[in-house]
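Each chain, letter by letter, is given below.
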Amino acid sequence: MASSTKPARVRFAPSPTGHLHLGGARTALYDYLLARQTGGQFILRIEDTDRKRFVPGAEEELMKGLRWLGLDWEEGPDVGGPFGPYRQSERKEIYQQYARQLVEAGHAYYCFCSPQRLEQVRQEQMKRKEATHYDRTCRDIPLEEADRRIANGESHVIRFKTPLEGATTVTDLLRGEITLDNRQLDDYIIVKSDGLALYHLAAMVDDHLMQITHVIRGSEWLPTFPLHALIIRAFGWEEPEFVHLSVFLKPSGKGKMSKREVADLSKDGYSIFVKDLDELGYLPQGVINWIALMGWSYDGQTEFFHMDDLIEKFSLDKLNPSPAAINFTKLDHFNGLHIRDLQTDQLAAILMPVFTSRGINADLETLRKIAPIIQERLVTLDDAIDFAAFFFQPEVTPAPDDLIAKGLTAAQSQAAAQRVLEVLEGLADVRVHTVEGPMRELVEGMGLSAGQVFGIMRVAITGQKVSPPLFESMEIIGRETVLERMRRAVQLLQTA
RNA sequence: GCCCCCAUGGUCUAGCGGUUAGGACACGGCCCUUUCAAGGCCAUAACUCGGGUUCGAGUCCCGAUGGGGGCACCA
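Sequence order as written defines residue numbering, which begins from 1 separately in each chain. The lettering of chains begins at A and the numbering of ligands begins at 1, in the order of writing. With the structure being a predicted model, the display of local features is reserved for residues of pLDDT at least 70 and the display and counting of side-chain atom pairs for 80 or more, all residues being used for whole-chain, interface and lining totals.

Novice: Go over the packing of helix H3 (residues 92-104) against helix H6 (residues 199-209), please, and point to the residues and values.
Specialist: Lines fitted to the C-alpha atoms define the axes, with helices restricted to the stretch that makes contact. Angles between their N-to-C directions range from 0 to 180 degrees. Only DSSP runs of H or I reaching four residues or more are called helices, and only runs of E reaching two or more are called strands; each is numbered from the N terminus. Here H3 crosses H6 at 100°, and the two axes come no closer than 10 Å. Taken together, the axes of H3 and H6 are roughly perpendicular relative to one another. Across the interface between the two elements, Ile94, Tyr95, Tyr98 and Ala99 from H3 touch Leu201, Ala202 and Val205 from H6. In this classification, Asp, Glu, Lys and Arg are treated as charged, Ala, Val, Leu, Ile, Met, Phe, Trp, Tyr, Cys and Pro as nonpolar, and every other residue, Gly included, as polar. Taken together, the residues of the contact of H3 with H6 break down into seven nonpolar, no polar and no charged. Angle categories are assigned with fixed cut-offs, so that under 35 degrees is roughly parallel, over 145 is roughly antiparallel, 65 to 115 is roughly perpendicular, and the rest are oblique. C-beta atoms are first placed from the backbone for all residues, and any pair lying within 7 Å is then listed as a contact.

Quick look at the structure:
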């Protein structure tokens, strides 16, 4: 059942300060699902008010990652929309206007304290083991005086005038009511001395102006959630629904992912960054299915979902507030499921760039023949290289030792290979139906096991001990090449 | 240190006062089998602890413990 029937306007609001990671992708996914399910809008807003942390190219990478995942937005910095601009750095005047409104209404004030003095206050508080907070020196400066000092060019910020008493109750959709004593809240700065708004103000103003109905964000905002409610209420605005998603923990479930662990992951072919996942051989469908289930469940039974299913079945009240450990083996599982779910021609087309990017001269026609026999063996797309690169190599070079079958000597193996070669030479072609019968007869005639003889053939023809099914592979490789490789194997066994 | 949030197998989770505590991944075993997979079957494995409330608590309340988050002119 849909958790909301009226169209939701939902925004994903990242800062362009680094790579899009799994946590961000999951938030964006839930945003997207809610918007699609209700026939609403998914909005991309760039929160780049901190120019010091701005990373060139991050915004582009972010959009590329979202598109790769299949999460497209109808309003954003690149596509525009009726509530733009969608980059906060371009909305400076808007925030200043609303901040001034707050000041005039007595909900905010100008503060002229220097960063140095603030730091000193902080140090003293820490020495006394107190919670660090602004000492409210400028809280009661009359507006006329403040305006005069500003006119004189005095450097200043704007702080929110948090109530000194009472408590603030807010509602998180997953956790219910949360009440915080106002004394725990600081008089937070909402506009910096450079005139740019801080998140607390900017996000609230934008969410209101952009008519956001549901704010889905990380749980790091939970401690300042009451402050945000206070700001919204000071303006007299309607509050959107708030949902705070918990963070992802490292695979062990003990603690969050550290820089070091993020680096170590790549050794195992994993990454928490969306930009890496494509190259690592993951399908967007697999990644989506995986992250959707990290903090959300449908019925506790069904786990295989496409985007369409998720749009239909997603529901905010099935979200789980507890932190979840990232489990990459489960990503492998979902990726395998989605690879197997592909039409073989689709798989062949997807595999094409995987081969060519590694300098393997694959062609689509051959890939289409190979796809059905490797499909169920793939966990990631690049596993196809190990399974099928030999199809495109002019010759293979088996290790002579690998050509010796278990329980046989080199000479015996060579004799077996020789017999296989003779039989194959007598056959008109190497199609499965032509080859399999005679080969099984041969195995029986020689008093050997299928494993022994086919093992020799496999290594001879594919050059490797693990391969797709032998006879199907032979058919794709073709008679000439098969015979050539068998002859080579007989020679190699001579010297083994 | 102060504040906030969370708590079912190793991991992701279902459960919303009475269940043989269900599913998935991983792990182990078996079947299938020319290798590797896929598929099928089986097994091991959980309600953090202590108090309440109740005829009855994984489920409600309190506390402890553990984990996470926050305490910036970052978001």
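Novice: Describe in detail the pairing of strand S6 (residues 176-181), supporting the description with residues and values.
Specialist: The side chains of a regular strand alternate, residue by residue, between the two faces of the sheet. The buried fraction of S6 is low, at zero of six residues. Between any two strands, at least two bridges found by DSSP are needed for them to pair. Relative to S6, strand S5 (residues 167-172) is paired through six bridges, and the arrangement is antiparallel. By the bridge assignment for S6, Val170 is matched with Ile178. The turn linking S5 back onto S6 is made up of three residues. Burial is judged by counting the other C-beta atoms within 10 Å of a residue's own C-beta: 20 or more makes it buried, 12 or fewer makes it exposed, and any count in between marks it as partly exposed, with every C-beta position built from the backbone.

Novice: Please set out the protein's contact with RNA strand B residue by residue, giving values where relevant.
Specialist: Close contacts around RNA strand B come from 67 residues, with Glu47, Asp50, Gly255, Gly300 and Ser322 the closest. Sorting the residues of the surface near RNA strand B by element identifies helix H4 (115-127), S6, strand S11 (324-325), helix H12 (328-341), helix H18 (450-462) and helix H19 (470-477) as the ones contributing at least two each. Ranked by residues supplied to the surface near RNA strand B, first place goes to H18 with five residues. Nearness here has a simple definition: the residue's C-beta atom, placed using the backbone, must lie within 6 Å of the molecule or strand.

Novice: Explain the sheet that holds strand S7 (residues 189-191) to me, and be specific about the residues and the numbers.
Specialist: Read across the open sheet, the three strands follow the order S3-S4-S7; overall the sheet is antiparallel. Of all the strands in the sheet, just strand S3 (108-111) and S7 have a single pairing partner and so form its edges. On average, each strand axis in the sheet is tilted by 45° relative to the strand beside it, whichever way the strands run. In this sheet, S7 lies alongside strand S4 (residues 157-160) in antiparallel orientation, the contact comprising two bridges. Looking at the pairing, Arg159 lines up with Ile189 of S7. Those strands touched by H3 are S3, S4 and S7, and its axis lies near 105° from that of S3.

Novice: Could you give an account of the packing of helix H16 (residues 410-425) against helix H20 (residues 479-495), with specific residues and numbers?
Specialist: Between H16 and H20, the least distance of the axes is 9 Å, while the angle of their chain directions is 160°. Taken as axis vectors, H16 and H20 run roughly antiparallel relative to one another. As H16 packs across H20, the resulting crossing turns out to be left-handed. Judged by residue contacts, Ala410, Ser413, Gln414, Ala417, Gln418, Val420, Leu421, Leu424 and Glu425 of H16 engage Val482, Leu483, Met486, Arg487, Ala489, Val490, Leu493 and Gln494 from H20. Broken down by class, the residue content of the contact of H16 with H20 amounts to 11 nonpolar, four polar and two charged. Should the near helix be turned anticlockwise from the far one by less than a right angle, the crossing is termed left-handed; should it be turned clockwise, right-handed.

Novice: Describe unusual backbone geometry, listing the residues and the values that go with them.
Specialist: Look at the link from Gly84 to Pro85: it is a cis peptide, with omega at 0°. Here Pro85 lies in the loop between helix H2 (58-69) and H3. We note that Arg136 has phi near 65°; this positive angle belongs to a residue other than glycine. Within the fold, Arg136 resides in the loop between H4 and helix H5 (143-151). In this structure, Gln211 takes a positive phi of about 55° despite not being glycine. Note that Gln211 resides in the loop between H6 and strand S8 (214-218).

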